[in-house]
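Report on the structure
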Amino acid sequence: MSNSSSTRPLAVLVGVQLPGVSDTDHAADLAELGRLVHTLGYEVAATVSQRRDRLAAGTVLGTGKLKELASITGGRGTVSSGAQERKSKARERWEAEAEAAEAEAAEAEEAETDEAEVEAAGVEEAEEEGPVEEPPEEADEALAAARPTVVVVDHELSPSQLSNLERATGAQVLDRTGVIVDIFHRHARSREAKMQVEIARLNYLAPRLRESTGSRERQQGRGSGDSAVELDRRKIRDRIAELREGLTAIQQDQENRRYARRDQLRVALVGYTNAGKSSLMRALTGSEVLVADQLFATLDTTVRALQPETRPRVLVSDTVGFIQKLPHDLVASFRSTLDEALEASLLLYVVDASDPTWEAQLEVTRGVLREIGAQSVPSKLLFNKADRLSPEAREALLQQHPEAIVLSAHAPEDVAALRQRVIEFFEGSMVEADLVIPYARQARIGEVYENARVISEAFDETGRRLKVRALPAAMARLTRAFQT
């Protein structure tokens, strides 16, 4: 159970271990769900887990486990029908007569109780006042306050499963996708990220809309004959279309910026959420990006120059983190953000080496990048948070992955070594050439220093002679620009 001093609302985690899922992987999934729930602002009070061949169609869990879950949340443990019972007129008349007789008997009993209290009043005044017991109502309220109010299921729920679980448990029910979407919604900062998350959130909510108990009358006029839910879904579709139109304009602007950087050296940090990408970004570039021990602390892509600056300049971008069972709508919504990885010259796969499930996390990262077609981009594997490893564990990683870089983003010597490895990677693909910059074009000398590294410089009657190193595409462009 959670710490009683916590002011966070309580939640129960629910997981079903399906065939093919090991005990270790199942435990890791639930532990990660717990971190997601904590990021959302809840305290995990209990976990209910069951091994099944498949999810129960109606309530995910079997009957026994459903009652165990309901005993924690204070629910009935059964799914009552949402339909109203149809009664005959005779039964309605009989129930009305029974209610009237019951009310009459209650009035008579109350009158007898009042007489008894009057007779006993004198005796009660003479007796000593005994200890005051807590009223049962107050005890019930205290018990209810200690109960979890949210059930979080480590699977994507259908609308009927969600509704059934809420009726059985008496608590709000969220699935894993809903939790992730809500976290993205809270952490979005830029206009683009907010629009991307809202699209994913609306796509998630649309099929889960339900009629209220006092359902509204069907609308009159335009759209007449549509239920309230149908009208709400139409509004959602209109809003999604509006958001996508606005997002297209923003993404076009980003495309223009990316095109302007097409010949620059670009490195993209990719990896599982909370692997330390933002810490590494700050260490490599000196930028004040948000660093927090939270899942999905940053959603916006940040692009900064490698520090100390090199010639040509190396740009480093930090992308959104990945996670197990990342909702497809979120992958689609953040496609433009992930394009930074697709168009990078070098990908740095950042892995939390201290996490026992790092291999599964690395496969998640590679899977998402395969989905967007970025698997062919040159890459290096970085094992971050090495300061949490023993010397033996660090050596074992290097034996398993001899080409990997084991480092800590908080160790300046490790960051400096990584910076040198990045520079060496780009140096290996550069070509060398001689450029002659006529004196009449000296104002454009900045283009050379921006896109190439100047090795030597000399002057003669024709102009400034430079020996430079640059990427082949940049070299071809410079050569064309200064041809006489």
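Here's what I pulled together on the structure shown here.

**Topic: the overall build of the protein**
Per the secondary structure count, the protein includes 16 helices and 13 strands. When the 484 residues of the protein are sorted by exposure, 43% land in the buried category. A sequence separation of at least 24 residues applies to 69% of the contacts in the protein between residues at least 6 apart. For the protein, the accessible area works out to roughly 26600 Å², and carbon and sulfur atoms hold 48% of it.

**A closer look at the pairing of strand β2 (residues 43-51)**
Relative to β2, strand β1 (residues 10-17) runs parallel, the two sharing eight bridges. Counterpart to L13 in the pairing with β2 is T47. This β-α-β element, β1 to helix α1 (residues 23-40) to β2, shows right-handed connectivity.

**Observations concerning the nonpolar core**
Counting 49 residues, the largest nonpolar core has V152, L347, L369 and F383 as its most contacted members. Sequence-distant contacts of L369, that is, excluding residues within four places in its chain, are made with V270, F322, A341, L347, Y349, A374 and Q375. Core analysis: the next-biggest nonpolar cluster, separate from the first, contains 24 residues, L284, L407, V415 and V422 among them.

**Focus on the packing of α1 against helix α6 (residues 176-187)**
Two elements in contact, α1 and α6, have axes whose closest approach is 10 Å; the angle formed by their N-to-C orientations is 40°. One way to sum up the angle between α1 and α6 is to call them oblique. By crossing handedness, the relation of α1 to α6 is classed as left-handed. Contacts from D29, E32, L33, L36, V37, T39 and L40 of α1 reach α6 at R176, V179, I180, D182, I183, R186 and H187. Broken down by class, the residue content of the contact of α1 with α6 amounts to seven nonpolar, two polar and five charged.

**Observations regarding unusual backbone geometry**
Excluding glycine, a negative phi dihedral is what most residues carry, and trans is how most peptide bonds are arranged. Look at the link from Q307 to P308: it is a cis peptide, with omega at -10°. Tracing the chain through its elements places P308 in the loop between β6 (302-305) and β7 (314-318). Residue P312 is reached from R311 by a cis peptide bond, and omega for that bond is 0°. Among the secondary structure elements, P312 is positioned in the loop between β6 and β7. Notably, V60 is not glycine yet its phi reads approximately 70°, a positive angle. You can see V60 is positioned in the loop between β2 and α2 (63-73). One non-glycine residue, N274, lies in positive phi territory at about 65°. Here N274 lies in the loop between β5 (265-271) and α9 (277-285). Exposure remark for N274: the relative accessible area of 24% places this residue in the partly exposed category.

**Quick word on the packing of α2 against helix α5 (residues 159-169)**
At a minimum axis distance of 9 Å, the contact between α2 and α5 shows a crossing angle of 55°. It follows that α2 is oblique to α5 by the angle criterion. Contact residues: α2 offers L66, L69, A70 and T73, while α5 offers L165, A168 and T169.

**Concerning the sheet that holds β2**
Taken together, four strands build an open sheet; the order of strands is β2-β1-β3-β4 and the sheet is parallel. Looking along the sheet, the strands with just one partner apiece sit at the ends: β2 and β4 (172-175). Averaged over all adjacent pairs, the angle separating strand axes in this sheet is 20°, with direction ignored. Sitting on the sheet, α2 is in contact with β1, β2 and β3 (150-153), with an inclination near 170° to β2. Sitting on the sheet, α6 is in contact with β3 and β4, with an inclination near 85° to β4.

**Observations concerning the sheet that holds β5**
The strand order across the open sheet built from six strands is β6-β7-β5-β8-β9-β10, with neighbouring strands paired in mixed fashion. Whereas interior strands pair on both sides, the edge strands pair on one side only; in this sheet they are β6 and β10 (405-406). As defined by bridge partners, strand β9 (residues 379-384) adjoins β10 across two bridges and the pair is classed as parallel. In the sheet register, L382 faces β10, and the bridge partner there is I405. Across the face of the sheet, helix α14 (residues 412-428) comes into contact with β5, β7, β8 (346-352), β9 and β10 while running at roughly 150° to β8.

What counts, and where the lines are drawn
Residues numbered from 1 in each chain as written. Predicted model: local features only at pLDDT ≥ 70, side-chain atom pairs only at ≥ 80, totals over all residues. Heavy atoms only, no water. Helix = DSSP H or I, 4+ residues; strand = E, 2+ residues; numbered from the N terminus. Buried < 20%, exposed > 50% of the residue type's maximum accessible area, 1.4 Å probe, protein only. Contact = heavy atoms within 4.5 Å. Areas by Shrake-Rupley, 256 points an atom, 1.4 Å probe, with all protein chains shown as cover. Pairing = 2+ DSSP bridges. Right-handed = clockwise from strand over helix to strand, strands pointing away. Core = buried A, V, L, I, M, F, W, Y, C linked by side-chain atoms within 4.5 Å. Axes fitted to C-alpha atoms, helices over the stretch in contact; angles between N-to-C directions. Parallel < 35°, antiparallel > 145°, perpendicular 65-115°, else oblique. Left-handed = near helix turned anticlockwise from the far one by under 90°. Nonpolar A, V, L, I, M, F, W, Y, C, P; charged D, E, K, R; others polar.

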